[in-house]
Amino acid sequence: MELQTNLRRIILAELLVPLALFIFGAYHGVMQTIYMSGVIRATSVAGISYYEGLTAHGVINAIVLTTFFAVAFGYTVISQQLKSQVSIAGATLSLVLMLSGAVMAAVMIFLGKASVLYTFYPPLMAHPLFYVGLALFIVGSWVPLWTWIPVYLRWRKENRGRKTPMGVVGILATFTVWQMATVPVAVEVLVQLLPWSLGWTHGINVMMSRTLFWFFGHPLVYFWLLPTYVMYYTMLPKLAGGKLFSDFAGRFTFMALILLSCPLGLHHQFADPGISTTSKGIQGVLTLLVAIPSLLTAFTLAASLEYAARQRGGKGLFGWWSKLPYFNPENWLFPYLFCGLLIFLFGGITGIVNASYSMNNVVHNTAWIPAHFHLTVGGPIFLGILGGSLLIVTGLMKKPVVSGTMAMIVPYVWMVGTFIFSYGLFMGGLRGEPRRTNLGLTYMNPASPSYRPDWWVPAHMGMVGGCIMGLAVLLYFIVLIRSLAAAPDAAASQAPFALPTSEPYHDEDVPAVRNFTPWVVAAVLLCAAAYYVPIRDIAKNGITTAPGFRPDSPAAVDTTH
Amino acid sequence: MSINVFEKRAFLVAVASVAVSLALIAYATWGMGINVPTCIPLGSKPFEQASVTKHEGKNYEVHYVARMWAFEPSVLRVPTGSTLDMYAVTKDVTHGFLIAGTNVNLMLVPGAVANSRVHFDKPGIYTIVCHEYCGRNHQNMNARIEVSDQIADYSVEGLPADEGMKLLDAKGCLACHSVDGSVGVGPTFKGAWGAPVTLADGSTRTLDAALFLQKVRHPDTIAVQGYPPVMPDLPLTDDEISQIEAYLEGLQK
């Protein structure tokens, strides 16, 4: 079925505008690695300071690009797989709110009024419009789910007994997680930060705001990941030339992530004061339970790839690995998903270190952390977004991909870059190198008393990797721009655009994973149980502070006039 | 159709590996005694002054104060084999407190006290890194702990109290007031802070910030019993007075 024309336009805007912003996000990523190696020893380059660039890199890449992609991909999947019309008014409202919010926040960042990083920890205080922008963006991203639910319920009524298409299950899971996770951060922004930055309130409970932020901050990473999981479960087996090994595994994984994505944000606060070790320990255990759907996913995807490879003539215990379509320009999307999986293997393993309670002491807030999450959000998620965007943009505009070979190379270049980058930062992190720090001025400066020669090799590996990652992004934009500029593909314009969709190999029928309600109810209860005590402790201790601080001065901000 | 047998096994392997991981974490926590920071009950307000206190043997209690963009004390020297109980607070924004090469890794959040313990059995220079973005000069924010075989006791730099001692000397206070308990023209500072003092009019007051300020700003309005009223007017700034107070507070211990 062809998408509604207006919806097609909205989806294209939701993919292309963030990609344009991403040019700045990627530039500031590469620049940071150069600053951190000490090759650039400056507070700013071209009028933009290191910390403004760092804020832009985080906000654009981790919030704007990821959320817009989830919304655009969600609309594509829902309307195609349910073969239904969705509310154009809702989609327009969502686009307008999200775009205006993103632009408002970006302008404040580039004016230097919001160098507070994407975690915007108070009492560092940004311009009120930065917080307004974030709030608009979050509220805008809520709208799609509200308009999809009636469409989904209608489909269920008209298709009694049929399984909901896997992609729809995944997208609804994605936005259910997002809905649960963003309520606390919206409270933080609207109740704590905005009135405080406007001078209406003077004290803020900083521990409370950190806790509300991380209630959101970890499910945020599952929200990033889930659209890629949708691609892995619904598209990868098809692209590999086979079937999805287990239908149950996909449905179970999506439901398990609804249950387990929220009640574990405290593992980002293992090093915080003001929270008891018991509360931290409970959420630490819940954190590790995510390994169960993750390992089941690893098994199912490997089994699906093996099935595909054997269909293509693969033999032997390991020999079948050679039969997958690694370098086929016609099938350029496969390496985006496959390289993402390879990277994710290391992202998952290293994540166990941060998540493992007291082991976090060794790596907390060091360069280890960005090394880890560039193998998760910077690996499968980012490659999924690049590949998925190119697929949908060219598909909806009926354009050819120019060229398939170059598009196919991008994920390999990216993978080499991220491995070098992350290896360097892992090494540095274990030696105490802090994250989010303009190292070149002090720790990477032989003239400074703070010079740390043992961080030289890690920081320089970070730079080499970062530049290779930058090269991959450059190649991607060459492909994207050439494809957009190309004449429409005559053959493609005959058939409606459709996402590749895999068939199940084992189509198990397990009723427990076919209904959202019990999983959502259990998730809410589990969140309440995991967060009741720490929130109560923090509220009772009343850890408040005086007005905020601007990043450029140790004198408190006077908001009284 | 039922679930494939290999998939069931994969599921069991996943559950088993989580169980093994949890068991290892439990062992690290209780068996090896490596824990994460806990919640210190905030009956009183967080301390405001950095200080070092020597306890029995090579045990020290160190109170660190972080601010944009420095730690107090900036340098701490201790003998090899020392055990340090670290308490740290922030005066402004959230800071990080990582001692590179150890398991000490804390967040310093406004209003709360962070705590950890560290034992140094290898000599060397350990960097304390602020690892949370805290504004423009975040990359400048560090301190160090020097662990050495060559010293028998601790020494420290960059405490406001050190500045207090320098001021007492520079402003001439030490001409009349000793810091070691010996008798001079005026009463000794040793153990005086927070202790009762009998004034010339027979009343008893406690030496606190209010009394101290009055004596410095208007020396002729108060005299201590048994001492001549010869205290001169001293041009001290508020900052200097608070640095001296910090030092005097330390002298009572």
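### Observations regarding the overall build of chain A
Then, in step 1: Secondary structure assignment for chain A yields 18 helices and six strands.
Then, in step 2: In terms of overall dimensions, chain A has C-alpha extents of about 65 × 50 × 45 Å along its principal axes.
Then, in step 3: Buried positions account for 58% of the 561 residues belonging to chain A.
Then, in step 4: Pairs at least 24 apart in sequence give 86% of the contacts found in chain A among residues at least 6 apart.

### A look at the overall build of chain B
Then, in step 1: A count of helical and extended segments in chain B gives four helices and 13 strands.
Then, in step 2: Here the C-alpha atoms of chain B give a radius of gyration of 25 Å, more than 25% beyond the 18 Å that 2.2 N^0.38 yields for 253 residues.
Then, in step 3: If one aligns the C-alpha atoms of chain B with their principal axes, the spans along those axes are about 100 × 40 × 35 Å.
Then, in step 4: Within chain B, the fraction of its 253 residues that count as buried is 33%.
Then, in step 5: Contacts spanning at least 24 positions in sequence make up 61% of the contacts within chain B whose residues lie at least 6 apart.

### Examining the interface of chain B and chain A
Accessible area lost during the coming together of the parts is what is often quoted as the interface size.
Then, in step 1: With 55 residues of chain B at the interface, the matching set in chain A holds 63 residues.
Then, in step 2: Elements represented by at least two residues in the side of chain B that touches chain A include exactly α1 (5-31), β6 (95-99), β7 (105-108) and β9 (124-129) of chain B.
Then, in step 3: Sort the elements by how many residues they give to the side of chain B that touches chain A and α1 of chain B lands first, with 13 residues.
Then, in step 4: Looking at side-chain class alone, the side of chain B that touches chain A contains 30 nonpolar, 20 polar and five charged residues.

### Observations concerning helix α4 (residues 238-251) of chain B
Then, in step 1: With 14 residues, α4 of chain B should reach 20 Å at 1.5 Å per residue; the first-to-last C-alpha distance of 20 Å fits that figure.
Then, in step 2: Within α4 of chain B, the full set of buried residues consists of Q243, I244, E245, A246, Y247, L248 and G250 of chain B.

### Examining the sheet that holds strand β10 (residues 142-148) of chain B
Residues and elements named next belong to chain B.
Then, in step 1: Read across the sheet, six strands follow the order β7-β6-β9-β10-β4-β11 without closing on themselves; strand pairing throughout is mixed. Single-partner strands in this sheet number two, and they are β7 and β11 (155-157). When strand polarity is set aside, the average angle formed by the axes of neighbouring strands in this sheet is 15°.
Then, in step 2: The sheet contact formed by strand β4 (residues 75-79) and β10 spans five bridges and is parallel. Opposite P79, over in β10, you have S148 as the bridge partner.

### Remarks on the domain arrangement of chain B
Then, in step 1: When its domains are assigned, chain B resolves into domain 1 (1-35), domain 2 (51-158) and domain 3 (162-251).
Then, in step 2: With centres defined by C-alpha atoms, the gap from domain 2 of chain B to domain 3 of chain B works out at 31 Å.

### Observations regarding the pairing of β10 of chain B
Residues and elements named next belong to chain B.
Then, in step 1: Within β10, five of the seven residues are buried, which leaves the element mostly enclosed by the surrounding structure.
Then, in step 2: Summarising the sheet, β9 and β10 pair through six bridges and their orientation is antiparallel. Following the sheet pairing, G124 is matched in β10 by V147.

### Observations concerning the pairing of strand β1 (residues 51-54) of chain B
Then, in step 1: Examined bridge by bridge, β1 of chain B and strand β2 (residues 59-67) of chain B share four bridges and lie antiparallel to one another. Looking across to β2 of chain B, one finds that S51 of chain B is bridged to H63 of chain B.

### Points about unusual backbone geometry
Residues and elements named next belong to chain A.
Then, in step 1: Here P122 and P123 are connected by a cis peptide whose omega angle stands at 5°.
Then, in step 2: If you trace the backbone, P123 turns up in the loop between α3 (88-110) and α4 (128-158).
Then, in step 3: Each neighbour pair has its own omega, and for V402 with S403 the value is -10°, a cis peptide bond.
Then, in step 4: Mapped onto the elements, S403 comes out in the loop between α14 (377-397) and α15 (404-430).

### Quick look at the nonpolar core
Then, in step 1: Within the largest apolar cluster, 235 residues are counted, with the highest numbers of intra-cluster contacts made by A105, V177 and L337 of chain A together with A88 of chain B.
Then, in step 2: Residue assignment places this core across two domains, with domain 1 (1-35) and domain 2 (51-158) of chain B each supplying three or more.
Then, in step 3: In terms of nonpolar packing, the next biggest core, distinct from the first, is built from seven residues, F189, W193, L207 and I244 of chain B among them.

### Brief notes about the environment of V118 of chain B
Residue and element names in this part refer to chain B.
Then, in step 1: Position of V118 relative to the elements: it lies in strand β8 (residues 114-119).
Then, in step 2: Spatially, the C-alpha atoms of V118 and M86 are 7.6 Å apart, while their sequence positions differ by 32 residues.
Then, in step 3: Dropping the residues within four chain positions of it, V118 is found in contact with L84, M86, I99, T102 and V104.

### Examining the packing of α4 of chain A against helix α5 (residues 166-197) of chain A
All names here are of chain A.
Then, in step 1: Direction vectors running N to C along α4 and α5 enclose 150°, while the axes themselves pass 9 Å from each other. By the angle between their axes, α4 is roughly antiparallel relative to α5. The way α4 lies across α5 gives a crossing that is left-handed.
Then, in step 2: Classifying every residue of the contact of α4 with α5 gives 21 nonpolar, four polar and no charged.

### Here's the deal with the environment of G424 of chain A
Residues and elements named next belong to chain A.
Then, in step 1: Inspection of the secondary structure assignment puts G424 in helix α15.
Then, in step 2: Separated by 38 residues in the primary sequence, G424 and G462 have C-alpha atoms spaced 5.1 Å apart.
Then, in step 3: Residues within four places of G424 in sequence aside, it is in contact with P458, A459, M461, G462 and G465.

### Observations regarding helix α2 (residues 50-81) of chain A
Residue and element names in this part refer to chain A.
Then, in step 1: With 32 residues, α2 extends 44 Å from end C-alpha to end C-alpha; this agrees with the ideal 46 Å at 1.5 Å per step.
Then, in step 2: Along its length, α2 shows its largest kink, about 30°, at I60.
Then, in step 3: Most of α2 is tucked away: 32 of the 32 residues are buried.
Then, in step 4: With its phi angle positive at about 50°, K83 sits one or two positions after the end of α2.

### Details of the packing of helix α1 (residues 5-37) of chain A against α3 of chain A
The packing of two helices is summarised by the inter-axis angle and the distance between the axes.
Residue and element names in this part refer to chain A.
Then, in step 1: Interaxial distance between α1 and α3 falls to 10 Å at its minimum, and their mutual angle equals 15°. Between α1 and α3, the angle is such that the two are roughly parallel. Our pair here, α1 against α3, has a crossing hand that is left-handed. Contact residues: N6, L7, I10, A13, E14, V17 and L21 in α1; I88, A91, T92, L95, L99 and A106 in α3.
Then, in step 2: Taken together, the residues of the contact of α1 with α3 break down into ten nonpolar, two polar and one charged.

### Description of the confidence of the model for chain B
Then, in step 1: In this model, chain B carries an average pLDDT of 87, and 96% of its residues clear a pLDDT of 70 or more.
Then, in step 2: Model confidence for the complex is summarised by a pTM of 0.87, with the ipTM given as 0.91.

### Digging into the environment of P73 of chain B
Residues and elements named next belong to chain B.
Then, in step 1: Residue placement: P73 occurs in the loop between β3 (70-72) and β4.
Then, in step 2: A residue is classified by how many C-beta atoms lie within 10 Å of it, and P73, with 26 of them, is buried.
Then, in step 3: Between the C-alpha atom of P73 and that of R144, which follows or precedes it by 71 residues, the distance is 8.7 Å.
Then, in step 4: The contacts of P73, once residues within four sequence positions are left out, are A50, V52, A143, V156, E157, G158 and L159.

Analysis parameters
Residues numbered from 1 in each chain as written. Chains lettered and ligands numbered in written order. Predicted model: local features only at pLDDT ≥ 70, side-chain atom pairs only at ≥ 80, totals over all residues. Helix = DSSP H or I, 4+ residues; strand = E, 2+ residues; numbered from the N terminus. Buried ≥ 20, exposed ≤ 12 C-beta atoms within 10 Å, placed from the backbone. Contact = placed C-beta atoms within 7 Å. Rg over C-alpha atoms; globule rule 2.2 N^0.38 Å. Nonpolar A, V, L, I, M, F, W, Y, C, P; charged D, E, K, R; others polar. Expected span 1.5 Å × (residues − 1). Pairing = 2+ DSSP bridges. Axes fitted to C-alpha atoms, helices over the stretch in contact; angles between N-to-C directions. Domains from an automatic or database assignment. Core = buried A, V, L, I, M, F, W, Y, C linked by C-beta atoms within 7 Å. Parallel < 35°, antiparallel > 145°, perpendicular 65-115°, else oblique. Left-handed = near helix turned anticlockwise from the far one by under 90°. Bend = angle between axes of the 7 residues up to and from the residue. pLDDT = per-residue confidence, 0-100.

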